[in-house]
Amino acid sequence: MIGRSMDRAKSGLTFLILINVLVHLFRNDFRHHLHLHKTYRINDGNLSSMLLSIIYHMDPTHLLVNMLSLNRYGSEIFVHSSSRRWHSFFLVVASYIICGLGAFVGVELLSQYHEYQWEQRLQDARWSNRCNHWLCHSINDAVGRDFSSIFTNVWSDWKTSFRFADIKLSMFYYRSIHRIGASGVVYGWMGMRLITSWMSPHHSRLNGIDYFFLIMAVAHDLSKSPLTLEDFKVATFFEEGSVDHSVHLMGFVFGMVWAMLLITWEKVSFGSIGRWRGGGRRLGATWEEEQQRQQREQQRRQQSRLINVEERNGTRQRTTL
């Protein structure tokens, strides 16, 4: 029964990998529908462009790395789980789509935060460049409004934009590039794997090597992501072939949130949180017990075969005598 449910999760992974490979192979044959310009970019994307972006790869190496990573983390999260609820074909596909879309939503929010920081910088510059001369106050009193600020604000905005031209150009580039690939999904599943290792009793624990590579990957993306306006000065996404590390981070965060929602939903649906915790057992005990049960079952079958072989040999010897 468990084997058949695991096959459904494997079918989901195979289906997703096949879709990515087919889109990569036939993107030129169906250029009208699979053109690069139809993929997602900030402030100029819809649901269809986001869905196309998470299965669109230009570089075969990029495709290969993403599919291998997808198969690894997908197998650990869905296939090797001891709970049948994680073996769902629908859950595998839904997690792929939700993590991919969640990464793009996070990038949209990050871009809005950049705009907010820029507006704050402009407001600070306008306030510091206000005209406090008595003549400006006299003109404002005569007109009945802050007339002088019209000219000082224009001068302040032009001065600020020229002074921080590198940041302004980097913001424009950040919003205009097309984001493609399943990297956001891969990092989303990395976040899911981390949370299931901590919170789910139906998944195995991460070992020291897993934590090392996970921390190194997240730390690298964190150092390269433009989380603030000051990070745009470095323009790190220009340095590595237009890799948007912020998509990786947003996918990782959203994957963690998605895994917590799934685990919470499963706990609530069972109706017994205490039974889930196993009466004080450490997390992962259910998964380990399932592995031990399968090992005992395999040993029992091997012993049964050995007993049958010995009985047949004994029968032959008696027949010969």
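Residues numbered from 1 in each chain as written. Predicted model: local features only at pLDDT ≥ 70, side-chain atom pairs only at ≥ 80, totals over all residues. Heavy atoms only, no water.

1. Some details on the nonpolar core
Put simply, the rule is: We call a set of buried Ala, Val, Leu, Ile, Met, Phe, Trp, Tyr and Cys residues a nonpolar core when their side-chain atoms join them within 4.5 Å. A 1.4 Å probe rolled over the protein chains alone gives each residue an accessible area, and that area as a share of the maximum for its type sets the label: buried under 20%, exposed over 50%, partly exposed in between. Secondary structure counts use DSSP, requiring at least four H or I residues in a row for a helix and at least two E residues in a row for a strand, with both numbered from the N terminus. Here, residues are in contact when the closest pair of their heavy atoms is within 4.5 Å.
Ranked by internal contacts, the top residues of the largest apolar core, which has 61 residues, are F78, Y96, W189 and M192. Listing elements by their share of this core, those giving two or more residues are α1 (2-26), α2 (47-53), α3 (60-79), α4 (89-128), α7 (165-176), α8 (183-199), α9 (208-224) and α11 (245-270). For this core, the leading source of residues is α4, giving twelve residues. Leaving out residues up to four positions away in the same chain, Y96 has contacts with L16, N20, I54, I55, L70, A182, V185 and W189.

2. With respect to the pattern of salt bridges
For clarity, the threshold we go by: In what follows, salt bridge is the name for a side-chain nitrogen of Lys or Arg lying within 4 Å of a carboxyl oxygen of Asp or Glu.
Going through the model one piece at a time under the given rule, you end up with six salt bridges. A salt bridge links E115 to R175, with the nearest nitrogen and oxygen atoms 2.5 Å apart. A residue pair is termed long-range when its members are at least 10 positions apart, and E115 in helix α4 and R175 in helix α7 qualify at 60 residues. For the salt bridge of R179 with D244, the shortest nitrogen-to-oxygen distance reads 2.5 Å. Of this pair, R179 sits in the loop between α7 and α8 while D244 sits in the loop between α10 (236-239) and α11, and the two are 65 residues apart along the sequence. Residue D244 is classed as buried on the basis of its relative accessible area of 9%. Through salt bridges with shared partners, one network takes in R72, E76, R193 and D210.

3. Description of a nonpolar patch on the surface
To keep things clear, this is the line we draw: Patches here are clusters of residues that have more than 30% relative accessible area and form no salt bridge, with a 9 Å joining cutoff for like charges and a 5 Å cutoff for nonpolar side chains (Val, Leu, Ile, Met, Phe, Trp, Tyr). Per-residue and other accessible areas were derived by the Shrake-Rupley procedure at a 1.4 Å probe size, with only the shown protein chains allowed to occlude residues.
A cluster of nonpolar side chains, namely L18, L22, L25, F26 and F30, defines an oily patch on the protein surface of about 470 Å² accessible area. Mapped onto the fold, F30 is located in the loop between α1 and α2.

4. Thoughts on α9
Because each turn of an α-helix spans 3.6 residues, side chains separated by three or four positions end up pointing in the same direction. Where we set the bar: Here the expected span of a helix is defined as 1.5 Å times the quantity of residues minus one. Note: the arc covers the axis-to-C-beta directions of the helix. Throughout this description, a polar contact denotes any pair of N or O atoms lying within 3.5 Å of each other; where both atoms belong to protein, one of them has to be capable of donating a hydrogen while the other can accept it, and for residues adjacent in sequence the pair is counted only when both atoms sit in side chains.
The end-to-end C-alpha separation of α9 is 24 Å, in line with the 24 Å expected for 17 residues at 1.5 Å each. Along α9, the residues that are buried comprise D210, L214, A217, V218 and D221. Viewed end-on, α9 has its buried residues packed into an arc of 90°, placing them on one side of the element. Exposed and facing more than 90 degrees away from the buried side of α9 are G208, I209, I215 and S223. The backbone nitrogen of I209 has a side-chain oxygen 3.2 Å away, supplied by the residue at the start of α9, namely N207.

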